[in-house]
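# Secondary and tertiary structure notes
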Amino acid sequence: MNKIMPMVCLALLAACTTPADVSQPLTADGDKNAKFDIKDTVNGFTIDVSYSRYQFVPEAEALLISCRSISTTRAYEEAKRRGKEIQPINEQNLRVSTGRNILNGRTSCRAFVEAVWKEG
């Protein structure tokens, strides 16, 4: 029993994580797990997001929600940074895919969205 309790405490401590700093815009590296590739188009720009995080228990649905949220938030932040407005992003226009590396316990997703400038 004396040897088991320290192991349990260590396992619980290792499972703890801290939340990302959401006070910073994504352009300022608010989330270190996300990488962005932004390319201009004729009528706006596209955003390609690669997002990955460790998950002891795989939760692909939670990662999909995060990936969608990050991609749309990043699109609105980029438009604001450029001093323009974009048309509302329809979630059906987001392309999202997930995968899992069982060796290192990381679940990852890719999201792609096109932002179109508002006319007027």
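These notes cover the structure that comes with them. (Residues numbered from 1 in each chain as written. Predicted model: local features only at pLDDT ≥ 70, side-chain atom pairs only at ≥ 80, totals over all residues. Heavy atoms only, no water.)

### Overview of the packing of aromatic side chains
Taken as a whole and judged by the stated rule, the model has one aromatic pair. Positioned above the aromatic ring of Trp117, the side-chain terminus of Lys84 is 4.7 Å from the ring centre. (Phe/Tyr/Trp six-rings, centres within 6.5 Å; stacked < 30°, edge-to-face > 60°. Lys NZ or Arg CZ within 6 Å of the ring centre and 35° of its normal.)

### Quick notes on the pairing of strand S1 (residues 34-41)
With eight bridges joining them, S1 and strand S2 (residues 44-54) adopt antiparallel strand pairing. By the bridge assignment, Lys39 is partnered in S2 with Thr46. Taking the residues that link successive antiparallel strands as the turn, the S1-S2 hairpin has two residues. (Pairing = 2+ DSSP bridges. Helix = DSSP H or I, 4+ residues; strand = E, 2+ residues; numbered from the N terminus.)

### A word on a nonpolar patch on the surface
A cluster of nonpolar side chains, namely Tyr54, Phe56 and Val57, defines an oily patch on the protein surface of about 400 Å² accessible area. By the secondary structure assignment, Val57 is in the loop between S2 and helix H2 (60-81). (Patch = residues over 30% accessible without salt bridge, like charges linked within 9 Å, V, L, I, M, F, W, Y side chains within 5 Å. Areas by Shrake-Rupley, 256 points an atom, 1.4 Å probe, with all protein chains shown as cover. Salt bridge = Lys/Arg side-chain N within 4 Å of Asp/Glu carboxyl O.)

### Details of the environment of Pro58
Examined against the element boundaries, Pro58 turns out to sit in the loop between S2 and H2. For the pair Pro58 and Gly105, spaced 47 residues apart in sequence, the C-alpha separation works out to 8.0 Å.

### Some remarks on the pattern of salt bridges
In total, this model carries eight salt bridges according to the counting rule given. We note a salt bridge from Arg82 to Asp40, for which the minimum N-O separation is 2.6 Å. One end of the pair, Arg82, is in the loop between H2 and strand S3 (95-101); the other, Asp40, is in strand S1, with 42 residues separating them in the sequence. With a relative accessible area of 55%, Asp40 lands in the exposed category. In this structure, Arg68 engages Glu91 in a salt bridge whose closest nitrogen and oxygen atoms are separated by 3.6 Å. One end of the pair, Arg68, is in helix H2; the other, Glu91, is in the loop between H2 and S3, and 23 residues separate them in sequence. Overall, Glu91 belongs to the partly exposed group, its relative accessible area being 48%. Three or more residues are tied together by salt bridges with common partners; here these are Asp40, Arg74, Glu78, Arg81 and Arg82. (Buried < 20%, exposed > 50% of the residue type's maximum accessible area, 1.4 Å probe, protein only.)

These results come straight from atomic positions and should not be treated as a statement about function.
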